[in-house]
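Here's the letter readout for the chains.
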Amino acid sequence: MKDVRVVKINIGAPTRTQSELRCESARLWNRLVKLHKYCRTRHWQWPSKGDLEKHFKGRFALHSQSVQALIQKFCANIDATRTKRKEGDKQARYPWRDQKKFQIVMWKGGAVKRQGNRLRLSCGTGRKPLVVKVPTNLPLGKIAAVELGFRELRITISNEIDKPLSAGSNMVAADVGVIHLAVMTDGVVSEAIVGRGLRSLVQGKNRSLAMLQERLSKTQKGSRRNRKLRKTKTRLLARFHQRVHNLLHHAANKMIHFCVEREAGTLFVGDIAEISRHARVKKKGSRRANQMNSGNPLGILYNYLEYKGKLNGVTLKKDSEAYTTQTCPLCSHRHKPSGRIYKCKNEQCSFVGIRDNVGATNFLNKQYHDGRIMAGAMLPPSQVKYHRPVPMRRNGVDRLTGGTLLDTSLKSALDTSVSGSNEPSVLVSVACSRISLL
Ligand SMILES: [Zn+2]
């Protein structure tokens, strides 16, 4: 099995050599765009990749394979646009920008040499190679490709690894959401990843962005103020993306780790794409809830889960989460819960549990019983371990805590020792009021 990963490295302000290379790459790109325009307006046939490669060989101060890679990228772009236009998308536009100043430079594996913490990127015979410093903790493996962009180096590293043994025959179901990014259970143990940290990041970004946008609207286009503000905006968004991706990596690692620990070879997650598409078409949900859902980058989390799972022998499966949070696991009475607590409305039953924990358990129950939630077959585990993201003050990177074990059964809810934590405090008050009624 192959493990291919792309590592992005911030290399700081571009050096002169880097700029020259990116300029040269742009020169080739502009030539290609102009050539394509010329052929297209005359209804000439677009030359093949091989012809182009032959034609442009040795005309640019780049490694021969870098030239080929850019031509291939351009041709792929043309092909994709052509297919789109054939399928009726008339908005699809062929590459048209022919005054580019910079373009990314690509190297194939053969032109890259790794020497300690430096990469030597060949620029063709007779020219000095580009040497870039890379972090010492860059993953080992075969470097398949390198891309040089503005302040950024993207390195594709591929490793041949043994196919992992399946983590086991058990199943784990995860209820994903906003307050709890994920609650996972295998029917015996539950673990939750608190999503408030992620939500606060999204909210903070939206707030700062709105403020910046307002200030931007008062400036004149092209002015110094305008330029400075736009720079701030770019920096803000870049920082936001870094933090979100970091948190999602931590969350995905934790989730896969849980599966391996519980000897589960399958991880079920809800098909979230379905839900958000529904909401948009039907104009359902409040603006607040929609912003919350659309800002929640679950698609990225699923991508991470998929590839991290593959490396650990865990298969990711998506299934509909319908009614899993609404059904009582004890008597299968159905009602829509409000708040974080599920309280069964059936008078004979009066089951109480944490909503997301109930959701995850029912979801798992469903997987074991052909898509039906079997009443009483599986009850939510009474203890949930909470992992919450905390920012590390020293370097500003967020990490997940090792987890706090919280007993959520009714008896322990009365125990004041857990009330120090804010997570199921709601449950404590609910439970107390329930007891006082008895
Ligand atoms: Zn019930």
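Shown above is the structure to which this text applies.
Given the structure is predicted, the values throughout are model-derived calculations rather than measurements.

Summarise the sheet that holds strand E4 (residues 118–121); cite the residues concerned and give the values.
If you walk across this open sheet you meet the three strands as E3-E4-E5, and the pairing is antiparallel. Only two strands of the sheet have a single neighbouring strand rather than two, namely strand E3 (112–115) and strand E5 (130–133). Direction aside, the axes of adjacent strands within the sheet are offset by 20° on average. Summarising the sheet, E4 and E5 pair through four bridges and their orientation is antiparallel. If you follow Leu119 over to E5, its bridge partner there is Val132.

I'd like to hear about the side chain of Asn357, residue by residue, with values.
Relative to the assigned elements, Asn357 resides in helix H9 (residues 355–368). Under the relative-accessibility criterion, Asn357 is labelled buried at 3%. Here the side chain of Asn357 touches Pro381 through a polar contact of 3.1 Å, landing on its backbone oxygen.

Give me the lowdown on the packing of aromatic side chains, citing residues and values where you can.
Overall, the coordinates contain six aromatic pairs when judged by the stated rule. Relative to Phe60, the ring of Phe56 has its centre 6.0 Å away and its plane inclined at 50°; by these criteria the two rings are tilted. For the residue pair Phe56 and Phe60, the accessibility class agrees, reading buried in each case. Note on Tyr342 and Phe351: the rings are 6.4 Å apart at their centroids and 50° apart in plane angle, and the pair reads as tilted. Side by side, Tyr342 and Phe351 carry an identical accessibility label, which is buried. Above the plane of the ring of Trp96 lies Arg93, whose end atom (NZ or CZ) is 4.3 Å from the centre. One cation-aromatic arrangement involves Arg334 over Tyr323; the distance from NZ or CZ to the ring centre is 3.9 Å.

So what about the sheet that holds strand E7 (residues 152–160)? Which residues, and what values?
The pairing of strands in a sheet happens through backbone hydrogen bonds and is either parallel or antiparallel. If you walk across this open sheet you meet the four strands as E1-E7-E6-E2, and the pairing is antiparallel. Where the open sheet ends on each side, the last strands, each with one partner, are strand E1 (2–10) and strand E2 (105–108). Strand-to-strand twist across the sheet, computed as the mean angle between neighbouring axes with direction ignored, equals 15°. By the bridge criterion, four bridges tie E2 to strand E6 (residues 142–149) in an arrangement that is antiparallel. Within the sheet, the bridge partner assigned to Lys108 lies in E6 and is Ala145. Where helix H1 (residues 16–41) meets the sheet, its contacts fall on E2 and E6, and the angle it forms with E2 comes to roughly 95°.

The rules we used
- Residues numbered from 1 in each chain as written.
- Predicted model: local features only at pLDDT ≥ 70, side-chain atom pairs only at ≥ 80, totals over all residues.
- Heavy atoms only, no water.
- Pairing = 2+ DSSP bridges.
- Helix = DSSP H or I, 4+ residues; strand = E, 2+ residues; numbered from the N terminus.
- Axes fitted to C-alpha atoms, helices over the stretch in contact; angles between N-to-C directions.
- Buried < 20%, exposed > 50% of the residue type's maximum accessible area, 1.4 Å probe, protein only.
- Polar contact = N/O pair within 3.5 Å; in protein donor to acceptor, adjacent residues only side chain to side chain.
- Phe/Tyr/Trp six-rings, centres within 6.5 Å; stacked < 30°, edge-to-face > 60°.
- Lys NZ or Arg CZ within 6 Å of the ring centre and 35° of its normal.
- Contact = heavy atoms within 4.5 Å.

These results come straight from atomic positions and should not be treated as a statement about function.
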